[in-house]
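# Structural overview for review
This is what each chain is made of:
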Amino acid sequence: PPAISGTFQPQDALSIFNGEPIAGNWVLTVHDDVNQDGGSIIAWGLDLCSTIPNDLSVSPSANAFTSCVSDSIFFNLTLGTAFDDTTGVMLAAENLPVGATATFTPNPAMPGATVDVTVSGAANAGSFNFEVVATDGLANSGSATIQWNVQGAPAAPTAVFPTQNAINVALNPNFTWSATGSSYNFKLAFGPNMTNVFEDVNIQQPTHSVGNLAPCTTYYWTVTATSQCGTSAPSAEFSFTTLDDLTFDATPTVSMCSNGNAITELTIGKCFEPSGLLLAASGLPVGVVTDLPTGPVMGSGIVTIQFTTTNTAPGSYPITITGNDGVNAVTETVTLNVTAPAAAPVFVYPANAAIGINVLTVFDWDAVAGATSYHFELATDNNFANIVKDTTIPQTAYTLSSPLNVNTIYYWRVTAFNNCGGTTPAPFSFTTWPVNAVKELKGLNISVLPNPTSGVVNVQFSKPILENMDAMLFSINGILLENQQVQVGSTTVKFDLTELPSGVYLLRLRSGSGVLTKKIVLEK
């Protein structure tokens, strides 16, 4: 006999086939875990039974809809075929939101028909479930549930930044608020109740940047949100106050002379107390005074402070300027750089009371530190009433362009100048050579040949010199071009002017206290 016989039930329920079509290929799979005894399936079959369904369905084209309060929704219904076709199928909507109505076209409708549905008039926003009910004259009925999400205007935004009554807000804040709509109207005003609006913009994002706000100032702002379903009420009025401006700045360095005036400007911020600041200065050196205001100065302005010096010693002096409004105390340091007039130069040549000075002599003096120019004066009296030469030059030597009178007493002085003036020393005097000394120096007859010259000049002495001599070549404006040391026993010295431009040059020979100056003309 077969190893297995009888009636069997599968492990899984046959209901898993519910809804599957009958027609088609059905497959039976049998697995024999012990196949040593053989065996085979001879035949198998299915006995499938079915009934005609009682179709009282109501099938909407969609079960969920979203609209604005003022909008309608539209869909269609397909009715089942089991309804009675004698009286037709009556359609109605139940549990609609307040104010809403539904229309069906056609109504009544035949079984199996498709009906157009319009629902509108919801008074309030919200999420609602209502039913569409179909009945016929035989008391057959069917229904479908519809979800309707009704949206109203967006909620008014709330502030994220600056928050209500925020303080110390930067002067270029980035405003942000809750995202309740698809676009926004932003307003910023100077006054409460949104008076004096100066920023009114429409933007897409819940953020907006504003720059150049005033310090220590209270501002007011609101936002209105807009979506496809309307515009919100304006948000609450949010206020905030910007950062304080306690600026107290002056020019860090002021330069002035030992006797003079200089000013600096003190910039005062806007946010000091309304009573103003009292100003004071400390660290003033001897001889320096300021003209600080004696009473309070108001904020948001510029105060000019003048420093006056009287014989103040040169140097750098840190001056501390303070301001106090009773609540805020601020300081600023100004470095006062005081410069004295240029010192008097030391005269080198001609020496004081010198005699036998060349009528075309070169005047020499030492450089003075910080001097920018030198005022040279030559006169025939020590009061300099009778001026022979008066000039200002940048260098420390001056050569006469025309000869002085022979055997005459002259007085000369030089004042060095910087931007603070100069100091004029006592003059030196000298006497020019006698008439018969024009070509002699220390008993030597001196010849300059050729003169004029096209290049090389030979200076010849009538006999060997008895002491060392300086032979110097100057430009007509006193610039030293060449200096040769002529040794004892020499009888000649040579100057090569080949590389120099045509013009007049001065040859000065100095032996001890004796000086001879001769003019050389270079012609090319």
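The following paragraphs examine the structure supplied in this document.

Counting secondary structure elements, the chain contains zero helices and 42 strands. Here the C-alpha radius of gyration of the chain, 58 Å, is well above what a compact globule of 524 residues would show, namely 24 Å. Overall size of the chain, expressed as C-alpha extent along the three principal axes, is 170 × 80 × 45 Å. Across the 524 residues that make up the chain, the buried fraction comes to 36%. Pairs at least 24 residues apart make up 61% of the contacts formed inside the chain by residues separated by at least 6 positions. Accessible surface for the chain amounts to roughly 28,200 Å². Of this, 52% is attributable to carbon and sulfur atoms. Charge separation in the chain, taken as the distance between the mean sites of 13 positive and 37 negative side-chain charges, equals 61 Å.

Next up on the list: the packing of aromatic side chains. Tallied over the entire structure, the rule returns 27 aromatic pairs. Between W412 and F428 the ring centres are 6.2 Å apart and the planes differ by 85°, which places this aromatic pair in the edge-to-face class. Remark: F428 occurs in strand β34 (residues 428-432) and W412 occurs in strand β32 (residues 409-418); sequence separation between them is 16 residues. Here W412 falls in the buried class, since its relative accessible area comes to 0%. Three or more aromatic residues link up through ring pairs in this structure, and these residues are F175, W177, Y184, F186, F190, F198, Y219, W221, F238 and F240.

In this approach, a probe sized like a water molecule rolls over the atoms, and the result shows the empty space that is left. Put simply, the largest pocket is a space of about 1,400 Å³. Around the largest pocket sit 33 residues that line it, and F8, L28, V30, I41 and W44 are the ones nearest its centre. Class assignment for the residues of the lining of the largest pocket results in 18 nonpolar, 12 polar and three charged.

Right, let's get into the state of the cysteines. Following the criterion strictly, the structure yields three disulfides and no others. In this model C216 forms its disulfide with C271; the gap between the sulfur atoms is 1.9 Å. In this structure, the disulfide formed by C216 and C271 twists by about -90° around the S-S bond and is classed as left-handed. Here C216 is found in the loop between β14 (207-209) and β15 (218-227), whereas its partner C271 is found in the loop between β20 (260-268) and β21 (278-282), with 55 residues between them in sequence. Using a relative accessible area of 26% as the deciding quantity, one classes C216 as partly exposed. A relative accessible area of 11% places C271 in the buried class. Here C257 pairs with C420 through a disulfide, and the sulfurs are 1.9 Å apart. One quick way to see it: the torsion about the S-S bond of C257 and C420 is about -85°, and its sign makes the bridge left-handed. One end of the pair, C257, is in strand β19 (residues 253-257); the other, C420, is in the loop between β32 and β33 (421-423), with 163 residues separating them in the sequence. For the pair C257 and C420, a shared accessibility class is recorded, and that class is buried. Along the chain, the cysteines engaged in disulfide bonds are linked according to the scheme 1-3, 2-5, 4-6 when indexed in sequence order.

For N129, the location among the structural elements is in strand β7 (residues 126-135). Note on N129: relative accessible area 49%, which makes it partly exposed. Measuring from C-alpha to C-alpha, the distance between N129 and Y505 comes to 118 Å, with 376 residues separating the pair along the chain. Leave out the neighbours within four places in its chain, and N129 touches N95, T145, I146 and Q147.

On to a nonpolar patch on the surface, then. Side chains of L14, I16, F17, I22, W26, L28, V30, I41, W44, L46 and L48 sit close together on the surface and give an oily, nonpolar patch of about 1,100 Å² of accessible area. Mapped onto the elements of the fold, V30 is located in the segment before β1 (58-60).

One open sheet holds the three strands; their spatial order is β26-β28-β31, and the pairing between them is antiparallel. At either end of the open sheet lies a strand with only one pairing partner, and these are β26 (347-349) and β31 (397-399). Across the sheet, the mean angle separating the axes of adjacent strands is 20° when strand polarity is ignored.

As a further point, take the nonpolar core. Core analysis: the biggest nonpolar cluster contains 45 residues, and W365, V459, F461 and L509 have the highest contact counts within it. V89, A109, V119 and W148 belong to the second largest nonpolar core, which has 25 residues in total.

Cut-off values and rules
- Residues numbered from 1 in each chain as written.
- Predicted model: local features only at pLDDT ≥ 70, side-chain atom pairs only at ≥ 80, totals over all residues.
- Heavy atoms only, no water.
- Helix = DSSP H or I, 4+ residues; strand = E, 2+ residues; numbered from the N terminus.
- Rg over C-alpha atoms; globule rule 2.2 N^0.38 Å.
- Buried < 20%, exposed > 50% of the residue type's maximum accessible area, 1.4 Å probe, protein only.
- Contact = heavy atoms within 4.5 Å.
- Areas by Shrake-Rupley, 256 points an atom, 1.4 Å probe, with all protein chains shown as cover.
- Lys, Arg positive; Asp, Glu negative; His and termini not counted.
- Charge placed at Lys NZ, Arg CZ, Asp CG, Glu CD.
- Phe/Tyr/Trp six-rings, centres within 6.5 Å; stacked < 30°, edge-to-face > 60°.
- 1 Å grid on protein atoms, 1.4 Å probe; cavity = no way out; pocket = protein on both sides within 12 Å on 5 of 7 lines; lining within 4 Å.
- Points joined across faces, edges and corners; volume = space filled by probe spheres on them.
- Nonpolar A, V, L, I, M, F, W, Y, C, P; charged D, E, K, R; others polar.
- Disulfide = S-S within 2.5 Å.
- Patch = residues over 30% accessible without salt bridge, like charges linked within 9 Å, V, L, I, M, F, W, Y side chains within 5 Å.
- Salt bridge = Lys/Arg side-chain N within 4 Å of Asp/Glu carboxyl O.
- Pairing = 2+ DSSP bridges.
- Axes fitted to C-alpha atoms, helices over the stretch in contact; angles between N-to-C directions.
- Core = buried A, V, L, I, M, F, W, Y, C linked by side-chain atoms within 4.5 Å.

All we've got here are geometric facts, nothing functional implied.
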